[in-house]
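# Remarks on the overall topology
The residues making up each chain are set out below.
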Amino acid sequence: MGDNRLQIMNNDPITFNTNLMGYPDRPGWLRYIQRTPYSDGVLYGSPTIDSVGRPSVIEITAYNRRTFETARHNLIINIMAAEDFPLPYQAEFFIKNMNVEEMLASEVLGDFLGAVKNVWQPEKLNAINITSALDRGGRVPLPINNMKEGVYVMVGADATFSSCLREVENPQNQLRCSQEMEPVITCDKKFRTQFQIDWCKISLVDKTQHVSTYQEVVRGEGILPDGGEYKPPSESLKSRDYYSDFLITLAVPSAIALVLFLILAYIMCCRREGVEKRNMQTPDIQLVHHSAIQKSTKELREMSKNREIAWPLSTLPVFHPVTGEIVPPVHPDSYDNTSMPLMQTQQNLPHQTQIPQQQTEGDFLNYFSKRQNMT
């Protein structure tokens, strides 16, 4: 037994580590649970028949997470065979409103065994196994409404099952369980005050009706039969040429990729209609419009590079506003580019005929005769 002592103050977080002496973990039948560093650690489990007669030395290491102190203690567990074990009639209950460490308390376990004995009424009644629902594949409950993970409790007795326990095997109750409905059990009220039993998960086992299928294992001497000396493979193995495999693995995919590349190149390069065919199928007015847009875009881009150049020709009038004649655009370099209007006025255009705004009848006739002579 260890002599180390651990000084523990109030509210000190303590962590325990348990393992079998000389081994990295505990025995397979022994479990340990500690919810938080501030709660007690609990060792629990049901020994197997193979563990009977062999003492198990459990090494317990306590670690104070506040002061970093460590203490070690050895717990010796002696397992002896019981004369009345196993009890022939066993029933396993699933309690929904309990955790395993709560059920292991002597007062709570005593109250549960008392309730079962009141319903079953055997002469001998013992708790055989207590298992957390998480060890049976259950899910961790949500941390709301003080939900519990549940615990399985197996009890054994020397008397046959009572009529109340047999009600679980009733076809009506089995149908209700298959429909996820609560079965009707007459003795449920004797448990309801403290324990919430899930009657759909109860299991009744009668050991007297089960034929033992256990076969004794015949252990050998642990020595393999002599098969003679080891004869390695001979060195005269036939060599294999992997050149053909290399060609098949590399050349065939390369040839397929080359063919696909040539087909794609032919489609992309040799099957194009070309600009000439496109222009032939396009109306002339659309080509002229497109060319004018490209020309204007080019001039605007050149202007953006140098803002000191003259105004582009595309912004000047090309046709005479009155006669309709083609007039070359006025593009004097002496003008101030910044003050030049976007469209030239009629006064700036050459060969422009002034149209009188207000004329008398005689002036209008003179003007009309001049127009006739000009034409």
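About the criteria used
Residues numbered from 1 in each chain as written. Predicted model: local features only at pLDDT ≥ 70, side-chain atom pairs only at ≥ 80, totals over all residues. Heavy atoms only, no water. UniProt positions renumbered as here; feature names shortened; annotations may be inferred. Helix = DSSP H or I, 4+ residues; strand = E, 2+ residues; numbered from the N terminus. Pairing = 2+ DSSP bridges. Axes fitted to C-alpha atoms, helices over the stretch in contact; angles between N-to-C directions. Disulfide = S-S within 2.5 Å. Core = buried A, V, L, I, M, F, W, Y, C linked by side-chain atoms within 4.5 Å. Buried < 20%, exposed > 50% of the residue type's maximum accessible area, 1.4 Å probe, protein only. Domains from an automatic or database assignment. Phe/Tyr/Trp six-rings, centres within 6.5 Å; stacked < 30°, edge-to-face > 60°. Contact = heavy atoms within 4.5 Å. Expected span 1.5 Å × (residues − 1). Bend = angle between axes of the 7 residues up to and from the residue.

By the naming in an unreviewed UniProt entry, the chain is Sarcoglycan epsilon, taken from Podarcis muralis.

## Things to note about the UniProt feature "transmembrane region" (unreviewed entry) in the chain
The positions that UniProt labels "transmembrane region" (unreviewed entry) are, in the present scheme, residues 246–269. End C-alpha to end C-alpha, residues 246–269 measures 34 Å, and it is 100% helix and 0% strand.

## Notes on the sheet that holds strand E4 (residues 56–64)
Strand order across the open sheet formed by 3 strands is E1-E4-E5, with antiparallel pairing between neighbours. Of all the strands in the sheet, just strand E1 (14–20) and strand E5 (70–77) have a single pairing partner and so form its edges. Sheet twist, expressed as the mean angle between neighbouring strand axes with direction ignored, is 20°. Relative to E5, E4 runs antiparallel, the two sharing 8 bridges. The residue of E5 that forms the bridge with Val57 is Ile76.

## With respect to the state of the cysteines
Note on terminology: a disulfide is the covalent bond linking the sulfur atoms of two cysteines. This model, assessed by the stated rule, comprises 2 disulfides. Covalently, Cys164 is tied to Cys187 through a disulfide, its sulfur atoms 1.5 Å apart. Taking the torsion about the S-S bond as the criterion, the Cys164 to Cys187 disulfide, at about -85°, is left-handed. Of this pair, Cys164 sits in helix H3 (residues 163–166) while Cys187 sits in the loop between helix H4 (171–178) and helix H5 (189–192); the two residues are 23 residues apart in sequence, bridging distant segments of the chain.

## What to know about the nonpolar core
Counting residues in hydrophobic clusters, the biggest one holds 35 residues, and the most contacted among them are Phe93, Met103, Phe112, Trp120, Val155 and Trp199. Elements represented by at least two residues in this core include exactly strand E3 (42–45), strand E6 (89–95), helix H1 (100–103), helix H2 (106–120), strand E7 (125–132), strand E8 (151–157) and H3. With 8 residues, the top contributor of residues to this core is H2. For this core, the two domains that each supply at least three residues are domain 1 (10–81) and domain 2 (82–212).

## Description of the packing of aromatic side chains
Each aromatic ring pair is summarised here by two numbers: the centre-to-centre distance and the angle between the ring planes. On inspection of all chains with the given rule, the structure shows 10 aromatic pairs. Taking 6.2 Å as the distance between ring centres and 80° as the angle between the ring planes, the aromatic pair formed by Phe93 and Trp199 counts as edge-to-face. Here the residue Phe93 occupies a position in strand E6, and Trp199 occupies one in the loop between H5 and strand E9 (203–206), the gap between them amounting to 106 residues. Overall, Phe93 belongs to the buried group, its relative accessible area being 0%.

## Some words on unusual backbone geometry
Positive phi, close to 65°, is recorded for Phe68, a residue that is not glycine. As for its placement among the helices and strands, Phe68 is situated in the loop between E4 and E5. Accessibility expressed as a relative area gives 59% for Phe68, which makes it exposed. Of note, Gln121 is a non-glycine position whose phi angle comes to about 60°, a positive value. Note that Gln121 resides in the loop between H2 and E7. On the basis of relative accessible area, Gln121 is assigned to the exposed category, the value being 62%.

## What about the sheet that holds E6?
Pairing between sheet strands relies on hydrogen bonds along the backbone, with the strands arranged either parallel or antiparallel. Within the open sheet, the 4 strands sit side by side as E7-E8-E6-E9. Their pairing is antiparallel. Only two strands of the sheet have a single neighbouring strand rather than two, namely E7 and E9. Between one strand axis and the next, the sheet turns by 20° as a mean value, whatever way the strands run. Note that E7 and E8 share 7 bridges and pair antiparallel. Looking at the pairing, Thr131 lines up with Tyr152 of E8. Along the sheet, H2 contacts E6, E7 and E8; its crossing angle with E7, the most-contacted strand, is approximately 125°.

## Here we look at helix H6 (residues 243–270)
Relative to the 40 Å expected for 28 residues at 1.5 Å per residue, H6 spans 38 Å between its end C-alpha atoms, a close match to the ideal helical length. Residue Ala251 marks the point of greatest curvature in H6, where the axis turns by about 25°; the proline Pro253 follows within four residues.

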